[in-house]
Amino acid sequence: MKAIINNFNIDLSKPIDISLPLSNTDANPIAWYIEKPVIEPVTFENWTGKVSEGSSTNFNNIFFNPHGHGTHTECLGHITHDFYSINQCLKQFFFMAELVSISPEVRNDDFVITKSQIENSLNGKTPEAIIIRTLSNNSDKKSKNYSHTNPPYLLEEAATYIREIGIKHLLIDLPSVDREEDEGKLLAHKAFWNVKNTTILNDDARLDCTITELIYVDDSVSDGTYLLNLQIASFENDASPSKPVLYAIH
């Protein structure tokens, strides 16, 4: 199936899924010091929701954390005193996106993504969404336990630059745009969403902008411009598990 969007030819039969699946196995990626997800059948006194155990249906409960168990999309409600829902903030789902690959720089004991790296990678482009693939792009990202590893992160200046050039959706293959242990400062989150006060939200905070973390972009996908379909589940929560999908543009 093909479509013409903004005068570009899009082949909708060739999606590029950049999400990580959620499972109850050791292959599930983990962050923020939690255990792997739990997926198990509902049980009553003499009944188990599993066809292989005599039920007519498989009927599972799932316990997971969207921030720590895989690809997820979050709104500014992730860092605010008042409740904001990703389901209410994200109302459009197709965006022109730029995929860039960046090798984080060493700063003291950290690996960081800088403003100049973002600026150079975009080379004057101002897409609606930016997708950051960090290098080296090892496949262990798909099953890594990030807890206590101090992964790379965005400097505040980089997040500010992304906001200032009008990018509304930021996607990255790391568990957070901020440092794992930063004393709760969350500088990149605040800079991207333009949140100046988490208790009393400023009028120019970016309610319709999102951050998607823990994606994975295979090396076979070239840097460049894509159509992004940013899919979420309709959770009334600050974040939802999500399935970002790219489509090549012809």
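For the structure itself, consult the block above.
Conventions used here
Residue positions are given per chain, counting from 1 as you read along its sequence in written order. Per-residue local features are limited, in this predicted model, to residues with pLDDT of at least 70; the limit for side-chain atom pairs, both in listing and counting, is 80 or more; totals at the level of whole chains, interfaces and linings are taken over all residues. Side-chain measures were taken over the full set of non-hydrogen atoms in the model, leaving aside hydrogen atoms and water. Secondary structure follows DSSP: runs of H or I at least 4 residues long count as helices, runs of E at least 2 residues long count as strands, and numbering of each begins at the N terminus. Atoms counted for the radius of gyration: C-alpha only. Globule rule: 2.2 Å times the number of residues to the power 0.38. Throughout, a residue-residue contact means that at least one pair of heavy atoms, one from each residue, lies within 4.5 Å. For the accessible areas, the method is Shrake-Rupley and the probe is 1.4 Å, while residue cover comes only from the protein chains on display. Positive: Lys, Arg. Negative: Asp, Glu. His and the chain ends are not part of the count. A charge is said to be at NZ when it belongs to Lys, at CZ for Arg, at CG for Asp and at CD for Glu. Note on terminology: disulfide denotes any pair of cysteine sulfur atoms within 2.5 Å. Nonpolar cores are built from buried Ala, Val, Leu, Ile, Met, Phe, Trp, Tyr and Cys residues. Side-chain atoms within 4.5 Å join them into one set. For every residue, the accessible area (1.4 Å probe, protein chains only) is compared with the maximum for its type, and the residue is labelled buried under 20%, exposed over 50%, or partly exposed between those bounds. The criterion for an aromatic pair is that two Phe, Tyr or Trp rings (for Trp, the six-membered ring) have centres within 6.5 Å, with stacked assigned to planes under 30 degrees apart, edge-to-face to planes over 60 apart and tilted to the rest.

Further remarks concern the overall build of the protein. Within the protein one finds four helices and 15 strands. In terms of overall size, the protein behaves like a compact globule, its C-alpha atoms giving a radius of gyration of 19 Å where 250 residues would be expected to give roughly 18 Å. Counting only C-alpha atoms, the protein reaches 65 × 50 × 35 Å along its principal axes. When contacts within the protein are restricted to residue pairs at least 6 apart in sequence, those whose partners lie at least 24 apart make up 71%. Accessible area for the protein stands at about 12,700 Å²; split by element, carbon and sulfur atoms hold 49% of it. Averaging the locations of the 20 positively and 34 negatively charged side chains of the protein gives two centres separated by 5 Å.

On to the state of the cysteines. Counted under the stated rule, the structure contains zero disulfides. The closest cysteine sulfur to the non-disulfide-bonded Cys 75 is located on Cys 89, 4.0 Å from its own sulfur. A disulfide-free cysteine, Cys 209 has its sulfur positioned 9.5 Å from the sulfur of Cys 89, the nearest such atom.

Counting 27 residues, the largest nonpolar core has Ile 118, Ile 130, Ile 132, Leu 154 and Leu 170 as the members making the most contacts within it. Breaking this core down by element, the ones donating at least two residues are strand E7 (94-102), helix H2 (115-122), strand E10 (129-134), helix H3 (156-164), strand E12 (169-172) and helix H4 (187-193). Ranked by size, the runner-up nonpolar core spans 19 residues in total, among them Phe 95, Val 217, Leu 228 and Leu 246.

This part is about the packing of aromatic side chains. Summed over the entire model, instances satisfying the criterion amount to five aromatic pairs. Taking 6.3 Å as the distance between ring centres and 75° as the angle between the ring planes, the aromatic pair formed by Phe 64 and Phe 235 counts as edge-to-face. Placement of Phe 64 in the loop between strand E5 (60-63) and strand E6 (72-74) and of Phe 235 in the loop between strand E14 (224-232) and strand E15 (239-248) is noted, with a sequence separation of 171 residues between them.

None of the figures reported here should be taken as evidence of function without further support.
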